[in-house]
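Below, each chain spelled out in residue letters.
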Amino acid sequence: MNDMTDEERQLVEWLADMNEDDALALAKRMLLEDKKNPMRVLELCRAAMDIVGKRFEEGEYFLPELVLAGEMLETIGAIAKPLIKLGDGGEAKKHGKVLIGTVHGDLHDIGKNIVSFMLDINGFEVKDIGVDVPVRTFIDEINTWQPDVVGLSGFLTLAFESMKETIAAFESAGMRDKFKVMIGGGQIDDTVKNYTGADAFGVNAVEAVALCRRWMGVAA
Amino acid sequence: MNAPAASAAYDQRWQRIQDCINLKQPDRMPVALYSTFWLAKYGGITCKQLMYDYEKTKEIAERAVLEFEPDVISTLLLTVASGRSLEAIGFKQLQWPGHGVGDNQPFQYLDREYMKADEYDEFIFDPTGYYLHTYLPRVAEAFEGFEELPNFPGLHYFRLVGSVRSFANPRVRAAFENVFKAAEESERFFQHHVQFMARMASLGYPATNGTTGVSPYDFIADYFRGATGMMKDLFRNKDKLLQLLDKVAVFLLRQIIPTAKASGNPIVFIPIHWAPDAFMSPKQFETFWWPSFRKMLIGLIDVGLVPMPLWEADCTKRLEVIKDVPAGKCIYWFERTDMVKAFEVLGDVVALRGNLSPSLLTTGKPDEVDAAVKHLVDNVWNQGGKLILDAAFGLPDETPVENVRAMFDAARKYAG
């Protein structure tokens, strides 16, 4: 986005720099008083999130920045979305569909939520089906939603077995070759990847994005 | 084993831990047995039985200790047999077998915002009042009704005489009844623990720690603000958070020191959740996490206690910072931090503990466990590292017994 006005550039900068108060005040003014095209404002948010994602990848930003960025995006989105009128322009094309959930027996979701957020701001269509997800639910969701990637999350060591069972059920249902499976969570490593039969694992949200990009043939 | 022999064995085992702490070479590498729900697998019972049946849990724990003959043991009963106490107090921050999770699943903490962002001022101004009126009823059903207690500071003269009538309020009365019942169960539970640890001591097995603690940052993040609430506070409520962290360091010390002293064991186990490399920037770590924790460490060391933080996940980038403690006073237990790297940076400052990987222990074969122990012996113990061998955060619940056996056998085979 090179064709930005000074004000637009300012919004992107404040969002990317975690200057929440100023960024939200400016976004509200642009949307509610100046009646700017809400699609344009959301586009600016996405540009800011690109910078946030880059800073995270480069080790300048960490989880707190991702969480705050997610919250700012949500606040602006909640104001902007009801203002979108027909003809304001469509949403950017998504790179692919990622179904994500925490496997059965495990109730943890902080990591999963951050991965969902990072995939979303990187242009993937994400469907998060929550925690403690039974094998059957994964299969039903896959059948109806047809994802390109399935992400299994788990924090406890019991998740090793749940992930293995879930992936084995994909095999039995004859759907295993229709999508890629990535796993992640506090205790996940290469040993667990091999044990469960997943295609890959990631230690953080950036790795999850990189995996999906690679599988979908999207340039970084 | 007869009593004098058991007593001598106890002294010998405890001396190994003491030597590690003092950075002296023990006669052999000590091995710890730390377990939570692994005992259920080992004993062939459900997690629910382990949480509710004091006698059965003690019996299984004793069997495990006698089978593996560790140098130190965790508070095996206290860590898991809390079902009746949790029920009696109506604990809301945990889901446990029969209360939100299945009979054969471990308990799980519910990460929520138990303190709202706009409650910092109240908590900082009057922590006890905040606990009584707001926090306790929020986290435990037994305390529901305490909201109606009066504000104690400010009561005086006839206002004091008059305000005592709050205790006649039926909700307050009912709350007290519930708290008494919870207290009785908690006391029963505690006596089982005391009796079990005394029995283990009489058989020759010292405890790894007398009590537990928490870092000020983790205390607020885990039990008050919740993970995401806390992360947002780093930007939105920065100054208040720093003020609260300072205050928390003081009142946590007031909690921990007398409990540790009463236990007769100087080691304070402090599981650390929010220090990992990935969770915040080095600058955030040095601003928000480390200063109040260091204050606590020094506070414990100053009264002769031995802090034993368990640095969860990977804390490699923190090693240079957390090195700033007096030498020979702490045990640093690492979960995923490379132990060889930890030894290189911290070997002349602290004893080390850990860290066989959970994936290896649960899914690997005994010969792989053997190789992993050998790796730690070759690269840490034999290089002069004062290592207490253990799994990354104790035995994972699903660890096959043969892998536990391999861990203990390999320790004896390679390190005395």
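Note that the structure is a prediction, hence the values are computed from the model and not measured. (Residues numbered from 1 in each chain as written. Chains lettered and ligands numbered in written order. Predicted model: local features only at pLDDT ≥ 70, side-chain atom pairs only at ≥ 80, totals over all residues. Heavy atoms only, no water.)

> Quick question: what am I supposed to make of the packing of aromatic side chains here?
Pairs of aromatic rings are described using the distance from one ring centre to the other and the angle between the two planes. Residues and elements named next belong to chain B. Here the structure, examined in full by the defined rule, presents 36 aromatic pairs over all chains. With centroids separated by 5.5 Å and ring planes inclined at 85°, the aromatic side chains of Tyr109 and Tyr223 adopt a geometry described as edge-to-face. Placement of Tyr109 in strand β5 (residues 108–109) and of Tyr223 in helix α11 (residues 216–225) is noted, with a sequence separation of 114 residues between them. Relative to Trp311, the ring of Phe293 has its centre 5.8 Å away and its plane inclined at 90°; by these criteria the two rings are edge-to-face. Of the two residues, Phe293 sits in helix α14 (residues 282–302) while Trp311 sits in strand β8 (residues 306–311), which places them 18 residues apart along the sequence. What makes Phe293 buried here is its relative accessible area of 0%. An aromatic cluster of at least three residues, connected via ring pairs, comprises Phe123, Tyr130, Tyr131, Tyr135, Phe219, Phe224 and Phe251. We note Arg353 situated over the ring of Trp333; from NZ or CZ to the ring centre the distance is 3.7 Å. (Phe/Tyr/Trp six-rings, centres within 6.5 Å; stacked < 30°, edge-to-face > 60°. Helix = DSSP H or I, 4+ residues; strand = E, 2+ residues; numbered from the N terminus. Buried < 20%, exposed > 50% of the residue type's maximum accessible area, 1.4 Å probe, protein only. Lys NZ or Arg CZ within 6 Å of the ring centre and 35° of its normal.)

> Sorry if this is basic, but what is going on with the pairing of β8 of chain B here?
For a regular strand, the rule is simple: side chains alternate between the two faces of the sheet. All names here are of chain B. For β8, the tally of buried residues reaches 6 of 6 residues, placing the bulk of the element in the interior. What joins strand β7 (residues 267–272) to β8 is α14, and the crossover it makes is right-handed. Looking at chain direction, β8 and strand β9 (residues 331–334) are connected through 2 bridges and run parallel. By the bridge assignment for β9, Leu310 is matched with Trp333. (Right-handed = clockwise from strand over helix to strand, strands pointing away. Pairing = 2+ DSSP bridges.)

> Which parts of the structure should I look at to understand the packing of α11 of chain B against α14 of chain B?
Two quantities define a packed helix pair, namely the angle between the axes and the distance from one axis to the other. Residue and element names in this part refer to chain B. At a minimum axis separation of 7 Å, α11 and α14 run at an interaxial angle of 120°. By the angle between their directions, the pair α11 and α14 is classed as oblique. Across the interface between the two elements, Pro216, Tyr217 and Asp218 from α11 touch Phe288, Trp289, Ser292, Phe293 and Met296 from α14. Taken together, the residues that form the contact of α11 with α14 break down as 6 nonpolar, 1 polar and 1 charged. (Axes fitted to C-alpha atoms, helices over the stretch in contact; angles between N-to-C directions. Parallel < 35°, antiparallel > 145°, perpendicular 65-115°, else oblique. Contact = heavy atoms within 4.5 Å. Nonpolar A, V, L, I, M, F, W, Y, C, P; charged D, E, K, R; others polar.)

> Where do I start with unusual backbone geometry in this structure?
The amide bond that connects Gly354 of chain B to the next residue, Asn355 of chain B, takes the cis arrangement and shows omega of -25°. Looking at the secondary structure, you find Asn355 of chain B in strand β10 (residues 351–356). Its identity as a non-glycine residue notwithstanding, Gln146 of chain A has a phi of 55°, on the positive side. Within the secondary structure, Gln146 of chain A sits in the loop between α6 (135–145) and β3 (149–153). Given a relative accessible area of 48%, Gln146 of chain A falls into the partly exposed group. In this structure, Glu69 of chain B takes a positive phi of about 45° despite not being glycine.

> Just checking my understanding: could you explain the nonpolar core for this structure?
Soluble globular proteins: nonpolar side chains tend toward being buried together. Core analysis: the biggest nonpolar cluster contains 174 residues, and Tyr217, Ile220, Trp289, Trp290, Trp311, Tyr332 and Phe334 of chain B have the highest contact counts within it. By residue number, the principal contributor to this core is helix α13 (residues 238–263) of chain B, which donates 10 residues. Lining this core are residues from two domains, each supplying at least three of them: domain 1 (6–83) and domain 2 (97–216) of chain A. In this structure, Tyr332 of chain B is in contact with Trp290, Leu297, Pro309, Trp311, Ile322, Val325, Leu346, Val350, Ala351, Leu352 and Arg353 of chain B, ignoring residues within four places of it in sequence. Grouped together as the second largest cluster of nonpolar side chains are 24 residues, Leu99, Ile139, Ile142 and Leu152 of chain A included. (Core = buried A, V, L, I, M, F, W, Y, C linked by side-chain atoms within 4.5 Å. Domains from an automatic or database assignment.)

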